[in-house]
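Residues per chain, in single letters:
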Amino acid sequence: MHDIYEPAAPYVASLEPIGKVDLEKIRCHCYVNLVIAESDLALFDDMFMKLRGKPQCYSVANRGNYTFYVPFQGEEVFVDWRIYCTWSNTFHLRYEEGLVALGLKHSNPHIHPTNQFMLANWMRRFEKSPKPLAECDFAEYARAG
């Protein structure tokens, strides 16, 4: 089962380091937080369009705390791990229109890099934006895993 969170309070993005105990609660391939703001997801959407592929996120450990960054345009851009995981794990749902238009499988967030490149080009050519998180259908996603 996937970890779909619907917290009562709005999500506040943070670049603060995450302790090992808290980090272990965020299963990187399953975590989805439904209250993350679209403006926070837009950072990764922008990176995707500029890189023509999903940005990769890396961690830096320091005394049991972890910070996360994405290499982007020659810099290390520090990011909120929960937002990155939500973005990455819902990629196939938010970009479904383009994946379907290109005849690509859209039931799995793991899209081949060549297909990511084609998707980014299609999105730009047709001036499309990804679907808002609130409009995604999680019925199949919740049953998977």
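Report on the accompanying structure. If you're wondering where the values come from, they're calculated on a predicted model, not measured in any experiment.

Rules used in this analysis
- Residues numbered from 1 in each chain as written.
- Predicted model: local features only at pLDDT ≥ 70, side-chain atom pairs only at ≥ 80, totals over all residues.
- Heavy atoms only, no water.
- Helix = DSSP H or I, 4+ residues; strand = E, 2+ residues; numbered from the N terminus.
- Rg over C-alpha atoms; globule rule 2.2 N^0.38 Å.
- Buried < 20%, exposed > 50% of the residue type's maximum accessible area, 1.4 Å probe, protein only.
- Areas by Shrake-Rupley, 256 points an atom, 1.4 Å probe, with all protein chains shown as cover.
- Lys, Arg positive; Asp, Glu negative; His and termini not counted.
- Charge placed at Lys NZ, Arg CZ, Asp CG, Glu CD.
- Pairing = 2+ DSSP bridges.
- Phe/Tyr/Trp six-rings, centres within 6.5 Å; stacked < 30°, edge-to-face > 60°.
- Salt bridge = Lys/Arg side-chain N within 4 Å of Asp/Glu carboxyl O.
- Polar contact = N/O pair within 3.5 Å; in protein donor to acceptor, adjacent residues only side chain to side chain.

For the chain, the count of helices and strands is 7 helices and 6 strands. Listing every helix and strand of the chain by position from the N terminus yields β-β-α-β-α-β-β-β-α-α-α-α-α. For 145 residues, the compact-globule formula gives about 15 Å, and the C-alpha radius of gyration of the chain, at 15 Å, lands near that figure. Judged by the C-alpha coordinates and their principal axes, the chain covers about 45 × 40 × 25 Å. Burial status across the chain gives 40% buried among its 145 residues. Put simply, the chain shows about 8400 Å² of open surface, and 53% of that area lies on carbon and sulfur atoms. Distance between charge centroids for the chain: 5 Å, based on 15 positive and 18 negative side chains.

Attention now goes to the pairing of strand β6 (residues 75-79). Bridge count for strand β5 (residues 65-72) against β6 is 5 bridges, and the pairing is antiparallel. Within β6, the position partnered with Pro71 by the bridge is Glu76. Turn length for the β5-β6 hairpin, with the two strands adjacent in sequence and antiparallel, is 2 residues, and the turn residue Gln73 shows positive phi of about 50 degrees.

Before going further, it helps to spend a moment on the packing of aromatic side chains. Counted under the stated rule, the structure contains 12 aromatic pairs. Arranged with centres 5.0 Å apart and planes meeting at 75 degrees, the rings of Phe48 and Phe91 form a pair that is edge-to-face. Highlighted residues: Phe48 in helix α2 (residues 38-51) and Phe91 in helix α4 (residues 91-94), separated in sequence by 43 residues. Each member of the pair, Phe48 as well as Phe91, carries the same accessibility label: buried.

With that settled, consider the pattern of salt bridges. According to the stated counting rule, one finds 6 salt bridges in the structure shown. Across the pair Glu97 and Lys128 runs a salt bridge whose closest N-O atoms are separated by 2.9 Å. In this pair, Glu97 is assigned in helix α5 (residues 96-101) and Lys128 in the loop between α6 (113-125) and α7 (139-143), connecting sequence segments 31 residues apart. Residue Glu97 is classed as partly exposed on the basis of its relative accessible area of 46%.

So, on to helix α3 (residues 81-89). Where burial is concerned, most of α3 is hidden: 8 out of the 9 residues are buried. Taken as a whole, α3 has its buried residues at Trp81, Ile83, Tyr84, Cys85, Thr86, Trp87, Ser88 and Asn89. At the N-terminal end of α3, a side-chain oxygen is found 2.8 Å from the backbone nitrogen of Arg82, two or three residues along, and the residue is Asp80.

Keep in mind that these numbers describe shape and distance, not what the molecule does.
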